[in-house]
Amino acid sequence: MSADPHRAVEVRRSARRRRTVSAYREGDRTIVLIPARMSEAEEQRWVGVMLDKLAAQESKRVLGDTELTQRAARLSEQYLGGRARPGSVRWVTNQNTRWGSCTPAEGSIRLSHRLQGMPEYVVDYVLLHELAHLLVPGHGPRFWQLLEAYPRTERARGYLEGVVAADRLPHVPAARDA
């Protein structure tokens, strides 16, 4: 987990809470609210997701297209031997069902604006995923072998799956002060 080692995490279970998970900062602690019936494994997974989500919300830094291009070059060098050389790397606002896309013939990579503010390792994973597509189309064994070098592949995939799952949960309207 990317939690601050100086910040304690307190999990509070609630019998009234049915499906939603939420988290907030309280002084030097992070409070994570979960349904009472949630298993220990689900609790651990959701604590990780919520810590990452809070970190993303607190992260004000958004990479520009120039920084994204520089980051792609560094990731290509570090994990793909510099073989993936995109012609362009940019943020787009018209991708709501994908995190990223790649057009190998043009060498263009596009990342969804929804990634902005997410932890850097998640953005790096999606960027590396698209860089790998410049070398190998599709998601066959050769493709996944390229991503094995990135140590946070599984964690980043889990984070993105958690974001998708959280979006599917029913949203409870916030209580309003009278």
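Residues numbered from 1 in each chain as written. Predicted model: local features only at pLDDT ≥ 70, side-chain atom pairs only at ≥ 80, totals over all residues. Heavy atoms only, no water.

Let's talk about the sheet that holds strand 1 (residues 8-14)
- Pairing in this open sheet of 3 strands is mixed, and the strands run 1-3-2 from one edge to the other. Whereas interior strands pair on both sides, the edge strands pair on one side only; in this sheet they are strand 1 and strand 2 (22-26). On average, each strand axis in the sheet is tilted by 25° relative to the strand beside it, whichever way the strands run.
- Pairing of strand 2 with strand 3 (residues 29-35) involves 5 bridges; the strand directions are antiparallel. Within strand 3, the position partnered with Arg 25 by the bridge is Thr 30. (Pairing = 2+ DSSP bridges. Helix = DSSP H or I, 4+ residues; strand = E, 2+ residues; numbered from the N terminus. Axes fitted to C-alpha atoms, helices over the stretch in contact; angles between N-to-C directions.)

Observations regarding the sheet that holds strand 5 (residues 100-103)
- Across the sheet, which stays open at both edges, the 3 strands sit in the order 4-6-5 with mixed pairing between neighbours. Of all strands in the sheet, those with a lone pairing partner are strand 4 (88-92) and strand 5, marking the two edges. Strand-to-strand twist across the sheet, computed as the mean angle between neighbouring axes with direction ignored, equals 20°.
- Helix 3 (residues 120-135) rests against strand 4, strand 5 and strand 6 (108-112) of the sheet, and its axis sits at about 150° to strand 6. (Contact = heavy atoms within 4.5 Å.)

Description of helix 2 (residues 65-80)
- The terminal C-alpha atoms of helix 2, which comprises 16 residues, lie 21 Å apart, in line with the 22 Å expected from a rise of 1.5 Å per residue.
- Where helix 2 is buried, its residues meet strand 4, strand 6, helix 3 and helix 4 (141-147).
- Just downstream of helix 2 lies Gly 81, where phi reads positive at about 65°. (Expected span 1.5 Å × (residues − 1).)

What to know about the packing of aromatic side chains
- What the rule picks out here adds up to 3 aromatic pairs.
- Ring centres 5.3 Å apart and planes at 90° place the aromatic pair Tyr 79 and Tyr 150 in the edge-to-face group. One end of the pair, Tyr 79, is in helix 2; the other, Tyr 150, is in the loop between helix 4 and helix 5 (153-168), and 71 residues separate them in sequence.
- Lying over the aromatic face of Tyr 121, Arg 152 brings its terminal NZ or CZ to 4.3 Å of the ring centre. (Phe/Tyr/Trp six-rings, centres within 6.5 Å; stacked < 30°, edge-to-face > 60°. Lys NZ or Arg CZ within 6 Å of the ring centre and 35° of its normal.)

Looking at the nonpolar core
- Among the nonpolar cores identified, the biggest contains 35 residues, and Leu 111, Leu 115, Leu 131 and Leu 160 are the most heavily contacted of them.
- Where this core is concerned, the elements lending two or more residues are helix 2, strand 4, strand 6, helix 3, helix 4 and helix 5.
- Per element, the largest residue contribution to this core is 10 residues, and it comes from helix 3.
- Setting aside residues up to four positions removed in sequence, Leu 160 forms contacts with Trp 99, Leu 115, Met 118, Val 122, Tyr 125 and Val 126.
- Ala 23, Val 32, Val 47 and Ala 166 belong to the second largest nonpolar core, which has 12 residues in total. (Core = buried A, V, L, I, M, F, W, Y, C linked by side-chain atoms within 4.5 Å. Buried < 20%, exposed > 50% of the residue type's maximum accessible area, 1.4 Å probe, protein only.)

Interpretation in functional terms is not warranted from these geometric data alone.
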